[in-house]
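The primary structure of each chain is shown beneath.
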Amino acid sequence: MSRKPELRGRAARLAQFLPTGRAQAARTPFVLLVVLLLGGGLIGLLVLNSALSEGAFRLDDLKREKKSLTDEEQALQRDIDAYSAPDALQRRARELGMVPGGDPAFLDPDGKVKGVPGPATASRAPLVLAPEALATATAPLPGTTPGAAADPTSTPASTPGR
């Protein structure tokens, strides 16, 4: 059989630090360590994946809720725009019995009046009624004559709350 060559010099001095026999470490602790590391890594990835999935579902729900709230906001803004349009304001003011103001007068800082104020008079502008008010405009109000309901300049004899 083959014989190991004999080492000389520096190689012989270094060879004395190496084990001479086949000293094997026990394999069971090493295999157990590798299995535990792999199992822990897989469990960690599963937990991380579950957390990311939960976050994605929550994000999807929040996006859906944001879209719904944005649609509602736009509908409310359309309603506000419709109610604040000049023709709608004019119609509602006429329904309340309001008329355009007369000539204004202004006050100087020293207290003098500039201009001659004029009274507000009902103009003969056509009355624009909302569709809801058309049903009530055709029927005369109680205590009025039928011709008085059609005249937009007629004022009631007494106004409640004044």
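On a predicted model such as this, the values are computed, not experimentally measured, just so you know.

Attention now moves to the overall build of the protein chain. A count of helical and extended segments in the protein chain gives 5 helices and 2 strands. Mapped in sequence order, the helices and strands of the protein chain form the string α-α-α-β-β-α-α. Expressed as a percentage of the 162 residues in the protein chain, the buried residues total 2%. Within the protein chain, contacts between residues separated by at least 24 positions form 32% of all contacts whose residues are at least 6 apart in sequence. As displayed, the protein chain offers around 15,000 Å² of accessible surface, 63% of which is attributable to carbon and sulfur atoms.

For the structure on display, the rule yields 4 salt bridges. Its salt-bridge partner being R64, residue D61 comes within 3.2 Å of it at the nearest N-O pair. With D61 and R64 both in helix 2 (residues 27-83) and 3 residues apart, the pair spans about one turn of that helix. The residue D71 makes a salt bridge to K67 at a minimum N-O spacing of 3.4 Å. Of this pair, D71 and K67 both sit in helix 2, 4 residues apart, which is roughly one turn of that helix. Several salt bridges share partner residues, and in doing so they unite D60, D61 and R64 into one network.

Our next topic: a nonpolar patch on the surface. A cluster of nonpolar side chains, F30, V31, V34, V35 and L38, forms an exposed patch at the surface whose accessible area comes to about 480 Å². By secondary structure assignment, the location of V31 is in helix 2.

So, about the confidence of the model for the protein chain. Scored by pLDDT, the protein chain comes out at a mean of 78, with 69% of its residues at no less than 70. Across the protein chain, the secondary-structure element scoring lowest on mean pLDDT is helix 5 (residues 146-150), at 46, and the one scoring highest is helix 2, at 95. Across residues 142-162, where pLDDT falls below 50, the model places 8 contacts with residues more than four positions away in sequence or in other chains.

Okay, the environment of A88 next. Along the chain, the position of A88 falls in helix 3 (residues 86-95). Overall, A88 belongs to the buried group, its relative accessible area being 6%. Apart from the residues within four sequence positions on either side, A88 is in contact with A82 and Y83.

So, how was this worked out
Residues numbered from 1 in each chain as written. Predicted model: local features only at pLDDT ≥ 70, side-chain atom pairs only at ≥ 80, totals over all residues. Heavy atoms only, no water. Helix = DSSP H or I, 4+ residues; strand = E, 2+ residues; numbered from the N terminus. Buried < 20%, exposed > 50% of the residue type's maximum accessible area, 1.4 Å probe, protein only. Contact = heavy atoms within 4.5 Å. Areas by Shrake-Rupley, 256 points an atom, 1.4 Å probe, with all protein chains shown as cover. Salt bridge = Lys/Arg side-chain N within 4 Å of Asp/Glu carboxyl O. Patch = residues over 30% accessible without salt bridge, like charges linked within 9 Å, V, L, I, M, F, W, Y side chains within 5 Å. pLDDT = per-residue confidence, 0-100.

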